[in-house]
Amino acid sequence: MSAEVGIGLIGFGWMGQAHSRAYRAIPTYYPQAGVMPHLAVVADTDPARVEMAKANFGYREGVADWRAVIERDDVDVVDITAPNGLHQEIAEAAAAAGKDVFCEKPVGIDPNATAAIELAARKAGVITGTGFNYRWAPLVQYTKQLITDGRLGELTHYRGRFFSMYGRDRMGLLSWRFLQEEAGYGVLSDIMSHATDMALHLFGPIKRVVSVKEIFVKERPMPKPGSGTHYDRGEPGDPTGTVTNEDYVGALVEFENGARGTLEVDRSIFGPQSQMAYELNGSKGAASWDHEKLNQLQLYLPSEQPVDGFMEVLAGDAFPHQGNIVPGGGNSLGYEDLKIIEALEFLKSVIARKQHAPGFTDALAVASVAAAMVRSWESERWEDVVSLRLD
Ligand SMILES: NC(=O)c1ccc[n+]([C@@H]2O[C@H](COP(=O)([O-])OP(=O)(O)OC[C@H]3O[C@@H](n4cnc5c(N)ncnc54)[C@H](O)[C@@H]3O)[C@@H](O)[C@H]2O)c1
């Protein structure tokens, strides 16, 4: 018997559509998991998107006002894929109504908002999840296992980065993402959240940081009504507006386990495209992985190898989840497959009534590191990471 879970999704843009495809895919890729999501209701302020959600994705109903999602009895999980500035009001209302909540990263528009949301969910006792999807790549899960089993030895160095191309086009529109008022911080919230979560997941807590930031593209064309997602562009001569949050953040970090590292993210860089990556070293070996080559892991385990040097491991059905999606070795997964794994694991936690990871606790840990980076921008010095957890 499959457990049915009613989904109410808010914001049917890129992520809303990706999450919806993931929910639909779960019973087909994981027939034995006993998880049957029902797309109960979608909310979006754009009527064309609501219509597409019903006609093409099979949502039973669509509404313009997100409050109508939270009121419904057939919604067990509220999935927030709306712009960052809306997350807090929606997440707190959903938790207060006793709904389990999945919220895309960054959970809060700034670190303090994340702390407030985490407190509201914790007090309400609801299950939470957040979209740190790169954790779910099968070869990342394998790297974590190598670390846990001690096969890389004592951890010494970590270099994490997320270099994305989405803001490199100077004609890319001034969408909500580039505005502090609507998105909060820039890459600090948008992609440093992913890079920090990965570092915390693999290497454990960060003790202190020193950080810098920069805006490389200072003006962008203004969006026209109905446009303004990640990849829409303007024309030469269009009126422009000022970018108000950062394109780049870099940091030196010290982990509590004594390891040293760097975290670096940029949305306006030429060359890399979606390089969410890590290179890590321990006293017995090393590993490096890059989302652009999601199905390859560079691994160095000198005491276990016939020759010295990095070896390439190809993803295959020997690794977690991979065989559910595609059998055999060397058959590739892509970005949206990570969303399927993420959605499945979250719904399994919801059904089991057990707190989920990554959830709002993990988002709070990331936000606490982000707050230390912001303090370091001001002080131009090392700053200790202090937990923002509220009681
Ligand atoms: N985990 C990841 O890899 C990843 C990738 C991209 C985006 N995200 C996150 O997902 C969230 C959404 O990003 P996106 O790229 O899908 O944005 P998007 O701009 O493509 O979509 C946002 C949608 O929300 C709708 N919306 C706006 N105001 C609304 C309101 N008041 N009520 C209901 N709907 C409303 C818009 O019409 C649009 O359809 C952001 O928090 C972002 O940080 C995560």
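Thresholds applied
Residues numbered from 1 in each chain as written. Predicted model: local features only at pLDDT ≥ 70, side-chain atom pairs only at ≥ 80, totals over all residues. Heavy atoms only, no water. Pairing = 2+ DSSP bridges. Helix = DSSP H or I, 4+ residues; strand = E, 2+ residues; numbered from the N terminus. Axes fitted to C-alpha atoms, helices over the stretch in contact; angles between N-to-C directions. Contact = heavy atoms within 4.5 Å. Buried < 20%, exposed > 50% of the residue type's maximum accessible area, 1.4 Å probe, protein only. Lys, Arg positive; Asp, Glu negative; His and termini not counted. Salt bridge = Lys/Arg side-chain N within 4 Å of Asp/Glu carboxyl O. Polar contact = N/O pair within 3.5 Å; in protein donor to acceptor, adjacent residues only side chain to side chain. Near = heavy atom within 4 Å. Areas by Shrake-Rupley, 256 points an atom, 1.4 Å probe, with all protein chains shown as cover. Nonpolar A, V, L, I, M, F, W, Y, C, P; charged D, E, K, R; others polar. Core = buried A, V, L, I, M, F, W, Y, C linked by side-chain atoms within 4.5 Å. Domains from an automatic or database assignment. Buried area = accessible area lost by both parts, 1.4 Å probe.

**Overview of the sheet that holds strand β5 (residues 100-103)**
- A sheet is described by the order of its strands in space; here six strands give the open sequence β3-β2-β1-β4-β5-β6, paired in parallel fashion. Of all strands in the sheet, those with a lone pairing partner are β3 (61-63) and β6 (128-130), marking the two edges. Going from strand to strand, the sheet's axes swing by 25 degrees on average, the running direction of each strand aside.
- Against the sheet, helix α2 (residues 47-57) touches β2 (35-43) and β3, its axis set at about 170 degrees to β3.

**Re the side chain of Asp 266**
- Looking at the element boundaries, Asp 266 is found in strand β12 (residues 260-266).
- Although Asp 266 is buried, it forms no salt bridge, and the closest oppositely charged side chain is Arg 267 at an N-O distance of 6.7 Å.
- Polar contacts involving the side chain of Asp 266 include one to the main-chain amide nitrogen of Ile 269, which spans 3.1 Å.

**Examining the site of the ligand**
- If you check the shell around the ligand, you find 27 residues, and the closest are Asp 44, Arg 49, Asn 84, Asn 133 and Tyr 335.
- In this structure, an oxygen atom belonging to the ligand sits 2.8 Å away from a main-chain N or O atom of Lys 105.
- Considering the ligand on its own, with 850 Å² of exposed area, one finds that the protein chains cover 90% of that surface.
- Partitioned by chemical class, the residues of the shell around the ligand number 11 nonpolar, nine polar and seven charged.

**Focus on the nonpolar core**
- Judged by nonpolar contacts, the single largest core of 56 residues is most densely connected at Tyr 158, Trp 289 and Met 373.
- Non-local contacts of Met 373, meaning those with residues more than four positions away in its chain, are made with Leu 188, Met 192, Thr 196, Val 209, Ser 211, Val 249, Ala 251 and Leu 263.
- One finds Tyr 23, Phe 102, Trp 136 and Ile 340 within the second-largest nonpolar core, a separate group that totals 29 residues.

**Looking at the environment of Met 373**
- When you line up the elements, Met 373 lands in helix α12 (residues 360-379).
- Sequence spacing of Met 373 and Asp 384 is 11 residues, and the spatial spacing of their C-alpha atoms is 9.2 Å.

**Digging into the domain arrangement of the protein chain**
- By domain assignment, the protein chain separates into domain 1 (3-133) and domain 2 (138-293 + 295-333).
- The interface of domain 1 with domain 2 comprises 15 residues on the first partner and 17 residues on the second.
- Of the roughly 1,300 Å² buried at the junction of domain 1 and domain 2 (both faces included), carbon and sulfur atoms supply 60%.
- Three residues stand out in domain 1 for area buried against domain 2, namely Tyr 29, Tyr 30 and Phe 132, and they jointly supply 36% of the buried area on that side.
- For the pair domain 1 and domain 2, the number of links is one salt bridge.
- For Asp 190, the salt bridge goes to Lys 105, with nearest N and O atoms at 2.8 Å.
- Counting every contact that joins domain 1 to domain 2 gives four residue pairs in polar contact (both at pLDDT 80 or more).
- When grouped by side-chain class, the residues that make up the side of domain 1 that touches domain 2 number eight nonpolar, four polar and three charged.

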